[in-house]
Amino acid sequence: MWELMAIPVLTSAAALWLGRNTSSEEHRIVQQTFEHYHIHVKDGKNNRYPQLVREYKSTKRIKLIYRTPLALEEKTLRTLQQILSVTLDQEVNVSFKKWLIIEISKHKMPSYVSYQDVPSRKGWMVPLGKNHQGWHFHHFDHTPHTTISGTTRFGKTVMMKVMMTYLIEHHPWDAQFIIIDLKGGLEFDRYQNLQQVKRIASNPIEALYALKQVQKDMKERMEHFKRQGWSNIVDTPLSQRLFVFIDEAAQLTPEKFMEKEEKKTLAQCQSILSEIARLGGALGVRLVYGTQYPTSNVLNGSIKQNADLKVSFRLGSDYASKVALDAYGAETLPSDIKGRALIKTHEVKEVQVPYLTHEEIWKRIGGYEVAKQTVVPNETGEDYVRLG
């Protein structure tokens, strides 16, 4: 027998414990799902299914808590969540924390969210999206680096533009950007004259020059920190932050068929990006690393381990989801809803990312456009920007 541990009740005053012997329609559907998809453990000739221990209802959600003989695998949890979401036509979250917990929201996930509805937040924060719990934000001073994965046209680049716009709106004098747009500059080149945008690189050679400058400035700033006795920018009077956006990092991955010099250029880019991921956070550099193809070659260990926020839009396989999030689920996101994503720090949450058009971006931050000289980087990569 398993001991029954104390289970916390819902905080809502309207919560109602239905007890073991009360069987709701939701529980009956869940139980049928267990049986149909063989979610059980063999005990001799008998099948032991998860056993309902508590059921709570409030005006906003239903929470079912089950005791299981063994923990369920993560992939099973994600599959169960998908099946129940479709069956119940409601937002469902399935997790395992000593107990199998199934939460069913009475409010559906929005399929579209406008940037105009995003609330204002102080600090180095950006909106990640909205679900039935409300808006979810990311604080770059708490978690400096993030990875964004997802199949093309599902919202990865839009999310980067949302981040850029929100940061410029809230920190017009302190946010700086280096954008490596390896889609030939098609997505971000139009923003190159914004005063906050220090460089836009559209190919690997330009990317290397830009990254070398970031590396050089990081070394200078590290020496300055040592002289001042500082260890982290959040504990200093320095107000600027430098954001390095990589849109389509797969283009920086060396391939066997490439010429030696091209491989060398890409390997140098990868090395500097790894250094930014390891050391840049304390120095005020924030990496946003986006890719359509989250493989172990593209999303190397140093970047992945130091990017504690992981975001993924729909991906084509459970393997890709596991690489991108260290969790399954991105492969089950709806294919007919753009902007639907999973966000993960200590747990995975599903959100709808706000949508933003170029016209809206320019309406909000186009006033920061300035005349700039075209600067051609030299061989040392010295040309344009200090972190401040």
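Residues numbered from 1 in each chain as written. Predicted model: local features only at pLDDT ≥ 70, side-chain atom pairs only at ≥ 80, totals over all residues. Heavy atoms only, no water.

Notes on the pairing of strand 13 (residues 241-247)
Strand 13 sits mainly inside the fold: 7 of its 7 residues count as buried. In the sheet, strand 11 (residues 175-181) pairs with strand 13 via 7 bridges, with the strands oriented parallel. Across the sheet, the residue bridging to Ile 180 is Ile 246, located in strand 13. Sheet analysis places strand 13 next to strand 14 (residues 285-291), joined by 6 bridges and oriented parallel. By the bridge assignment, Phe 245 is partnered in strand 14 with Val 288. With helix 5 (residues 260-283) bridging strand 13 and the parallel strand 14, this β-α-β connection has right-handed handedness. (Buried < 20%, exposed > 50% of the residue type's maximum accessible area, 1.4 Å probe, protein only. Helix = DSSP H or I, 4+ residues; strand = E, 2+ residues; numbered from the N terminus. Pairing = 2+ DSSP bridges. Right-handed = clockwise from strand over helix to strand, strands pointing away.)

Section: the packing of helix 3 (residues 156-170) against helix 8 (residues 358-365)
Think of two packed helices as two axes; the pair is described by the angle between the axes and how far apart they sit. Interhelical geometry of helix 3 versus helix 8 gives an angle of 15 degrees and a closest axis separation of 10 Å. Judged by the angle between their axes, helix 3 and helix 8 are roughly parallel. Of the two possible hands of crossing, helix 3 and helix 8 adopt the one that is left-handed. For the pair helix 3 and helix 8, contact is made by Lys 161, Met 164, Thr 165, Ile 168 and Glu 169 and by Ile 361, Arg 364 and Ile 365, respectively. Grouping the amino acids of the contact of helix 3 with helix 8 by side-chain chemistry returns 4 nonpolar, 1 polar and 3 charged. (Axes fitted to C-alpha atoms, helices over the stretch in contact; angles between N-to-C directions. Parallel < 35°, antiparallel > 145°, perpendicular 65-115°, else oblique. Left-handed = near helix turned anticlockwise from the far one by under 90°. Contact = heavy atoms within 4.5 Å. Nonpolar A, V, L, I, M, F, W, Y, C, P; charged D, E, K, R; others polar.)

Some words on the nonpolar core
Residues Met 163, Met 164, Phe 177 and Phe 245 are the most contacted members of the largest nonpolar core, which totals 41 residues. At 8 residues, helix 3 tops the list of elements feeding residues into this core. Excluding residues that lie within four positions of it along the chain, Phe 245 makes contacts with Met 160, Met 163, Met 164, Phe 177, Ile 178, Ile 179, Ile 180 and Val 288. Core analysis: the second largest hydrophobic core is formed by 33 residues, Ile 178, Ala 201, Leu 266 and Ile 272 among them. (Core = buried A, V, L, I, M, F, W, Y, C linked by side-chain atoms within 4.5 Å.)

Considerations on the packing of aromatic side chains
Overall, the coordinates contain 12 aromatic pairs when judged by the stated rule. Residues Tyr 191 and Trp 362 carry aromatic rings whose centres are separated by 6.1 Å and whose planes lie at 35 degrees to one another, so their mutual orientation is tilted. Taken together, the positions of Tyr 191 in the loop between strand 11 and strand 12 (197-201) and Trp 362 in helix 8 put the pair 171 residues apart, joining distant regions of the chain. A relative accessible area of 0% places Tyr 191 in the buried class. Taking the centre distance of 5.5 Å and the plane angle of 85 degrees together, the rings of Phe 225 and Trp 230 count as edge-to-face. A relative accessible area of 23% places Trp 230 in the partly exposed class. An aromatic cluster is defined as three or more aromatic residues linked by ring pairs; in this entry it consists of Trp 124, Phe 140, Phe 177, Phe 243 and Phe 245. Against the face of Tyr 328 rests Lys 75, its NZ or CZ located 5.6 Å from the ring centre. Note that Lys 161 overlies the ring of Phe 188, its terminal NZ or CZ placed 5.8 Å from the centroid. (Phe/Tyr/Trp six-rings, centres within 6.5 Å; stacked < 30°, edge-to-face > 60°. Lys NZ or Arg CZ within 6 Å of the ring centre and 35° of its normal.)

Quick look at the environment of Gly 329
Relative to the helices and strands, Gly 329 is located in the loop between helix 7 (318-325) and strand 16 (340-344). Along the chain, Gly 329 and Val 348 lie 19 residues apart, while their C-alpha atoms are 9.1 Å from each other. Beyond its immediate stretch of four places on either side in the chain, Gly 329 contacts Arg 78, Ser 321 and Leu 342.

With respect to the confidence of the model for the protein chain
For the protein chain, the mean per-residue pLDDT works out to 87, and 90% of the residues sit at or above 70. Counting contacts from residues 1-21, a segment whose pLDDT is below 50, to residues more than four positions away or on other chains yields 42 contacts. (pLDDT = per-residue confidence, 0-100.)

Describing the pattern of salt bridges
Across all of its chains, the model carries 19 salt bridges by this definition. In this structure, Glu 74 engages Lys 322 in a salt bridge whose closest nitrogen and oxygen atoms are separated by 3.0 Å. Taken together, the residues Glu 74 in helix 2 (residues 74-88) and Lys 322 in helix 7 connect sequence positions 248 residues apart. The partly exposed category is assigned to Glu 74, whose relative accessible area is 23%. Residue class for Lys 322 comes out partly exposed when judged on its relative accessible area of 31%. The salt bridge partner of Arg 364 is Glu 169, with a shortest N-O separation of 3.0 Å. Here Arg 364 is found in helix 8, whereas its partner Glu 169 is found in helix 3, with 195 residues between them in sequence. Exposure remark for Arg 364: the relative accessible area of 29% places this residue in the partly exposed category. (Salt bridge = Lys/Arg side-chain N within 4 Å of Asp/Glu carboxyl O.)

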